[in-house]
Amino acid sequence: RCSMSQNKIKRIGVFTSGGDAPGMNAAIRAVVRTASYYQKEVFGIMRGYEGMIEGDIVKLGARSVGNIIQRGGTILKTARCQEFRTPEGRKKAFENLQREGIDALVGIGGDGSFTGLHYLTKEFNIPGVCIPGTIDNDLAGTDYTIGYDTATNTAVEAIDRIRDTALSHNRLFFIEVMGRNSGYIAINSGIAGGAAAIIIPEENMTFEELMNHLTEGEGTSKKSNLVVVAEGSKIGDANELARRVAERSSYFDIKVTILGHLQRGGAPSYFDRVLASKMGVAAVEGLLAGQTDVMVGIRNNKMVFNSFETIINHIHEIDNESLRIAKILSI
């Protein structure tokens, strides 16, 4: 490890980009403290690539990241930045990094953040490592992304509360969870929350199949009361599905709850805090050991580095076992 402190990298810039996710602060803290441990300076870049272009950069020390591990959101703030998509925007960003003497970067975010870092690394030869921070868990190369565990726990908690009302009034609730085009939050919160049906983008359930599943219980004492819908559902969002079911069945009093951004905030779970801490340490040690243009991941409980190509050209697929389990348990 002594070779790491001899490494030519002197100043590391850290930023968060894209949607916020619980655990981002824990990752920032780990990056700052690991860099300090190896006697490197650290700078926080505010609002992601937007702050990089505007030169909104602050020096951070081990003490300046105290008392943030338990906080949701990101102290560095985040934004989506159109200008960074242009070569001129990236050139401006790089000039600001040079002005501060920043010679390596750690970005925390999803595929858009990694893509931005990839271009910066390629065009200006600045080493960069990405840490996967997104509640969607939709990045290949890692079993879990930072924020996913907390978001799923939040969804399960909401589902449990809604079920109390559903049972009290014999109502059917359609609960829409986040996840963009990934059904990870839906499938796992659906299994954990005992949903009657789970609708995810990765599976081609038809509306007729859903209808059959919901009405199976009509003649028996089984009363379906919860359907979890991923926001990227191919057969319609929660509102549309509720409307179509209502047209076909007088059996249910139907309600819709869209959890939305409720799932993005809140204190990170123990799992996300530990995961973010491990990834932050791995990102800095990776940079100091010569890694660049890679994303940190956790696979089978080991830290790994994934090249840009392997992440961007692959999707993190839901395993068939989860789908099979959800089917068996929803009878």
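Residues numbered from 1 in each chain as written. Predicted model: local features only at pLDDT ≥ 70, side-chain atom pairs only at ≥ 80, totals over all residues. Heavy atoms only, no water.

Novice: Even after reading the chapter, I still don't get the layout of surface pockets, so can you show me in this structure?
Specialist: Counted as a void, the largest pocket has a volume near 630 Å³. If you go around the largest pocket, you meet 30 residues; those closest to its centre are Gly-18, Arg-80, Asp-111, Gly-112 and Ser-113. It is helix H5 (residues 111-124) that provides the largest number of residues to the lining of the largest pocket, a total of 6 residues. Counted by class, the lining of the largest pocket contains 7 nonpolar, 13 polar and 10 charged residues. (1 Å grid on protein atoms, 1.4 Å probe; cavity = no way out; pocket = protein on both sides within 12 Å on 5 of 7 lines; lining within 4 Å. Points joined across faces, edges and corners; volume = space filled by probe spheres on them. Helix = DSSP H or I, 4+ residues; strand = E, 2+ residues; numbered from the N terminus. Nonpolar A, V, L, I, M, F, W, Y, C, P; charged D, E, K, R; others polar.)

Novice: Which parts of the structure should I look at to understand the sheet that holds strand S2 (residues 41-45)?
Specialist: Pairing between the strands of a sheet is mediated by backbone hydrogen bonds and can be parallel or antiparallel. The strand order across the open sheet built from 7 strands is S3-S2-S1-S4-S5-S10-S11, with neighbouring strands paired in mixed fashion. In this open sheet, the two edge strands, each paired with only one partner strand, are strand S3 (57-60) and strand S11 (302-307). The sheet shows a mean angle of 30 degrees between the axes of neighbouring strands, direction not considered. Taken together, the 6 bridges between strand S10 (residues 294-299) and S11 define a ladder with antiparallel strand orientation. Each bridged residue has a counterpart across the sheet, and for Gly-297 the counterpart in S11 is Val-304. Here helix H2 (residues 24-37) sits on the sheet and contacts strand S1 (11-16), S2, S3, strand S4 (104-109) and strand S5 (128-132); the angle it forms with S4, its principal contact strand, is near 165 degrees. (Pairing = 2+ DSSP bridges. Axes fitted to C-alpha atoms, helices over the stretch in contact; angles between N-to-C directions. Contact = heavy atoms within 4.5 Å.)

Novice: Just checking my understanding: could you explain the pattern of salt bridges for this structure?
Specialist: One side chain can pair with another of opposite charge once the charged atoms of both are near each other. Applying the stated criterion across every chain yields a total of 19 salt bridges. For Asp-293, the salt bridge identified is with Lys-122, shortest N-O distance 3.4 Å. Of this pair, Asp-293 sits in the loop between helix H10 (270-288) and S10 while Lys-122 sits in helix H5, placing them 171 residues apart in sequence. Take Asp-293: its relative accessible area is 9%, and that puts it in the buried class. The salt bridge involving Arg-161 is made with Glu-157; its shortest N-O contact spans 3.6 Å. Residue Arg-161 and its partner Glu-157 are located together in helix H6 (residues 148-169), separated by 4 residues, close to a single helical turn. According to the relative accessible area criterion, Arg-161 is exposed, its value standing at 58%. Given the relative accessible area of 47%, Glu-157 is considered partly exposed. (Salt bridge = Lys/Arg side-chain N within 4 Å of Asp/Glu carboxyl O. Buried < 20%, exposed > 50% of the residue type's maximum accessible area, 1.4 Å probe, protein only.)

Novice: Mind showing me how you'd approach the state of the cysteines here?
Specialist: Linking two cysteines covalently via their sulfur atoms produces the bond known as a disulfide. Counted under the stated rule, the structure contains 0 disulfides. With no disulfide partner, Cys-81 has as its closest neighbouring cysteine sulfur the one in Cys-130, 16 Å distant. Residue classification places Cys-81 among the buried positions, given a relative accessible area of 17%. A relative accessible area of 1% places Cys-130 in the buried class. (Disulfide = S-S within 2.5 Å.)

Novice: Where do I start with the environment of Val-32 in this structure?
Specialist: Locating Val-32 in the fold gives a position in helix H2. Separated by 32 residues in the primary sequence, Val-32 and Ser-64 place their C-alpha atoms 8.9 Å from one another. For Val-32, the contacting residues outside a window of four places in its chain are Val-42, Leu-60, Gly-61, Ala-62 and Val-65.

Novice: Explain the environment of Ile-175 to me, please; I cannot follow it from the model alone.
Specialist: Relative to the helices and strands, Ile-175 is located in strand S6 (residues 171-177). You can call Ile-175 buried: its relative accessible area is 0%. The sequence separation of Ile-175 and Ile-258 amounts to 83 residues, and the corresponding C-alpha distance is 5.8 Å. Filtering out sequence-adjacent residues up to four positions away, Ile-175 remains in contact with Ile-159, Ile-162, Leu-226, Val-227, Val-228, Val-229, Thr-257 and Leu-259.

Novice: Is there a simple way to think about the packing of H2 against H10 in this case?
Specialist: For any two helices packed against each other, the geometry is given by the interaxial angle and the distance between the axes. As a packed pair, H2 and H10 sit with axes 7 Å apart at the nearest point and diverge in direction by 35 degrees. Regarding H2 and H10, the two cross each other, and that crossing is right-handed. Of the residues in H10, those in contact with Ala-26, Ala-27, Ala-30, Val-31, Thr-34 and Ala-35 of H2 are Arg-273, Ala-276, Ser-277, Gly-280, Val-281, Val-284 and Glu-285. Here the residues of the contact of H2 with H10 sort into 8 nonpolar, 3 polar and 2 charged. (Left-handed = near helix turned anticlockwise from the far one by under 90°.)

Novice: Please explain a nonpolar patch on the surface as it appears in this structure.
Specialist: On the surface, Ile-325, Ile-328 and Leu-329 cluster together into a nonpolar patch covering about 270 Å² of accessible area. Within the secondary structure, Ile-328 is located in helix H12 (residues 320-329). Looking at Ile-328, the relative accessible area reads 46%, which means it is partly exposed. (Patch = residues over 30% accessible without salt bridge, like charges linked within 9 Å, V, L, I, M, F, W, Y side chains within 5 Å. Areas by Shrake-Rupley, 256 points an atom, 1.4 Å probe, with all protein chains shown as cover.)

Novice: Teacher, can you tell me more about the nonpolar core here?
Specialist: Here is a general trend for soluble globular proteins: nonpolar side chains tend to be buried in one another's company. Residues Ile-12, Val-14, Val-106, Ile-131 and Ile-200 are the most contacted members of the largest nonpolar core, which totals 61 residues. It is H10 that contributes the most residues to this core, 8 residues altogether. With residues up to four places along the chain from it excluded, the contact list for Ile-12 reads Ala-35, Lys-40, Glu-41, Val-42, Phe-43, Ile-102, Ala-104, Val-106, Val-284 and Leu-287. The next biggest cluster of nonpolar side chains, apart from the first, holds 23 residues, and it includes Phe-15, Ile-102, Phe-114 and Leu-139. (Core = buried A, V, L, I, M, F, W, Y, C linked by side-chain atoms within 4.5 Å.)

Novice: Just to check I follow, could you spell out unusual backbone geometry for this structure?
Specialist: Most peptide bonds take the trans form, and the phi angle of most residues other than glycine is negative. Phi is positive for Lys-77, which is not a glycine, with a value near 60 degrees. Within the element layout of this structure, Lys-77 appears in the loop between S3 and helix H4 (87-99). Backbone geometry at Asp-293 places phi at a positive 55 degrees, although glycine is not the residue there.

Everything listed here is a matter of geometry and, on its own, says nothing about what the molecule does.
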